[in-house]
Amino acid sequence: GAGVSQSPSNKVTEKGKDVELRCDPISGHTALYWYRQSLGQGLEFLIYFQGNSAPDKSGLPSDRFSAERTGGSVSTLTIQRTQQEDSAVYLCASSLAGGRTEAFFGQGTRLTVV
Amino acid sequence: TQLLEQSPQFLSIQEGENLTVYCNSSSVFSSLQWYRQEPGEGPVLLVTVVTGGEVKKLKRLTFQFGDARKDSSLHITAAQPGDTGLYLCAGGKSTSYGKLTFGQGTILTVHP
């Protein structure tokens, strides 16, 4: 596609359920990032994939959060046993390579845990 | 821990006025990026500065990176209603390129 695509756009889930958020990066981009944006806050780094290297998971807030990137392309962020404090907009971005190359963001998935 | 302090958090001005948004840190960054985000959309990169003291201009927007690479500013001349949005600064470090540290953002509203 022309840009980074995220699905679903909106997700409402009950507390305690698992959710999966999907990101389709721009074709050919080797770097993929997940960020979280809470209301009134800036973006919080979650995880970074670069090519075949081991991902940087240092931003994941708890072991309920995990992410995979299959075939160096599509990525899935999974949140297990969701809590109300997980409610936020989850943003995915990709770039040609890590570092100073421009990162292109998707429109985000708004997750609401009720 | 908030490593990048952005100010002001809210700015409401009239069309034609000038404004400056500041981004400050006690940490040194190898690069500093400014993004603009509209409701329901992801952030869009405006500029990247990498050299201490660097100044970049993008039409009515002027970006400056501090000499010590710890702070940055965004100046808008003759603001227009189309400039309305959330402005975010983000710092990157050479030891962890993919991990940007974002400021909390400045919500700018320009009234006609």
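Above this note sits the structure.
Residues numbered from 1 in each chain as written. Chains lettered and ligands numbered in written order. Predicted model: local features only at pLDDT ≥ 70, side-chain atom pairs only at ≥ 80, totals over all residues. Heavy atoms only, no water.

1. Quick word on the overall build of chain A
For chain A, the helix and strand inventory stands at zero helices and 10 strands. In sequence order, the secondary structure elements of chain A are arranged as β-β-β-β-β-β-β-β-β-β. Taking 2.2 N^0.38 as the reference for a compact globule, 114 residues should give roughly 13 Å; the C-alpha atoms of chain A span a radius of gyration of 13 Å, in line with that estimate. Expressed as lengths along the three principal axes of its C-alpha atoms, the size of chain A is roughly 35 × 25 × 25 Å. Residues classed as buried in chain A amount to 46% of the 114 residues present. Split by element, the accessible area of chain A, about 5,500 Å² in all, is 46% carbon and sulfur. In chain A, 11 side chains carry a positive charge and 11 a negative one; their mean positions are 1 Å apart. (Helix = DSSP H or I, 4+ residues; strand = E, 2+ residues; numbered from the N terminus. Rg over C-alpha atoms; globule rule 2.2 N^0.38 Å. Buried < 20%, exposed > 50% of the residue type's maximum accessible area, 1.4 Å probe, protein only. Areas by Shrake-Rupley, 256 points an atom, 1.4 Å probe, with all protein chains shown as cover. Lys, Arg positive; Asp, Glu negative; His and termini not counted. Charge placed at Lys NZ, Arg CZ, Asp CG, Glu CD.)

2. As for the packing of aromatic side chains
Throughout the structure, instances matching the rule amount to eight aromatic pairs over all chains. Between Tyr35(A) and Phe105(A), the ring centres sit 6.0 Å apart and the planes meet at 50°, which makes this aromatic pair tilted. On the criterion of sequence distance, the pair formed by Tyr35(A) in strand E4 (residues 31-37) and Phe105(A) in strand E9 (residues 104-105) is long-range, its members being 70 residues apart. The same class applies to Tyr35(A) and to Phe105(A), which are both buried. Taken together, a centroid distance of 5.7 Å and an interplanar angle of 90° make the contact between Phe105(A) and Tyr35(B) edge-to-face. In this pair, Phe105(A) sits in strand E9 while Tyr35(B) sits in strand E4 (residues 31-37), so the two residues belong to two different chains. (Phe/Tyr/Trp six-rings, centres within 6.5 Å; stacked < 30°, edge-to-face > 60°.)

3. Examining the interface of chain B and chain A
Chain B puts 20 residues into the contact, and the matching count from chain A is 20 residues. For the pair chain B and chain A, the two sides together bury roughly 1,600 Å², of which 55% comes from carbon and sulfur. Summed over the shared surface of chain B and chain A, the number is zero salt bridges. Our enumeration of links across chain B and chain A arrives at three residue pairs in polar contact (both at pLDDT 80 or more). Breaking the side of chain B that touches chain A down by element, the ones donating at least two residues are E4, strand E9 (85-93) and strand E10 (96-102) of chain B. Residues of the side of chain B that touches chain A, tallied by class, amount to nine nonpolar, nine polar and two charged. (Contact = heavy atoms within 4.5 Å. Buried area = accessible area lost by both parts, 1.4 Å probe. Salt bridge = Lys/Arg side-chain N within 4 Å of Asp/Glu carboxyl O. Polar contact = N/O pair within 3.5 Å; in protein donor to acceptor, adjacent residues only side chain to side chain. Nonpolar A, V, L, I, M, F, W, Y, C, P; charged D, E, K, R; others polar.)

4. Here's the deal with the sheet that holds strand E6 (residues 55-58) of chain B
Residue and element names in this part refer to chain B. On the basis of which strands lie adjacent, the open sheet formed by five strands has the order E1-E3-E8-E7-E6 and antiparallel pairing. The two strands at the open ends of the sheet, each matched to only one other strand, are strand E1 (5-7) and E6. Each strand axis lies, on average, 15° off the axis of its neighbour in the sheet, ignoring direction. One ladder, built from four bridges, connects E6 with strand E7 (residues 61-65); its direction is antiparallel. Its bridge partner lying in E7, lysine 56 is registered against phenylalanine 63. (Pairing = 2+ DSSP bridges. Axes fitted to C-alpha atoms, helices over the stretch in contact; angles between N-to-C directions.)

5. A few points about the sheet that holds strand E7 (residues 75-79) of chain A
Residue and element names in this part refer to chain A. The four strands are arranged E1-E3-E7-E6 in an open sheet whose pairing can be described as antiparallel. Looking at the sheet topology across the chains shown, the edges are occupied by strand E1 (5-7) and strand E6 (65-69). Between one strand axis and the next, the sheet turns by 15° as a mean value, whatever way the strands run. As paired elements, E1 and strand E3 (residues 19-24) share three bridges and run antiparallel to each other.

6. Remarks on the layout of surface pockets
Taken as a whole, the largest pocket holds about 640 Å³ of empty space. Lining the largest pocket are 29 residues, with Gln37(A), Leu39(A), Arg110(A), Gln37(B) and Leu86(B) positioned closest to its centre. Listed by contribution, the elements that provide at least two residues to the lining of the largest pocket are strand E8 (88-95) and strand E10 (109-113) of chain A together with E9 and strand E11 (106-111) of chain B. At three residues, E11(B) tops the list of elements feeding residues into the lining of the largest pocket. Tallied by class, residues from the lining of the largest pocket come to eight nonpolar, 18 polar and three charged. (1 Å grid on protein atoms, 1.4 Å probe; cavity = no way out; pocket = protein on both sides within 12 Å on 5 of 7 lines; lining within 4 Å. Points joined across faces, edges and corners; volume = space filled by probe spheres on them.)

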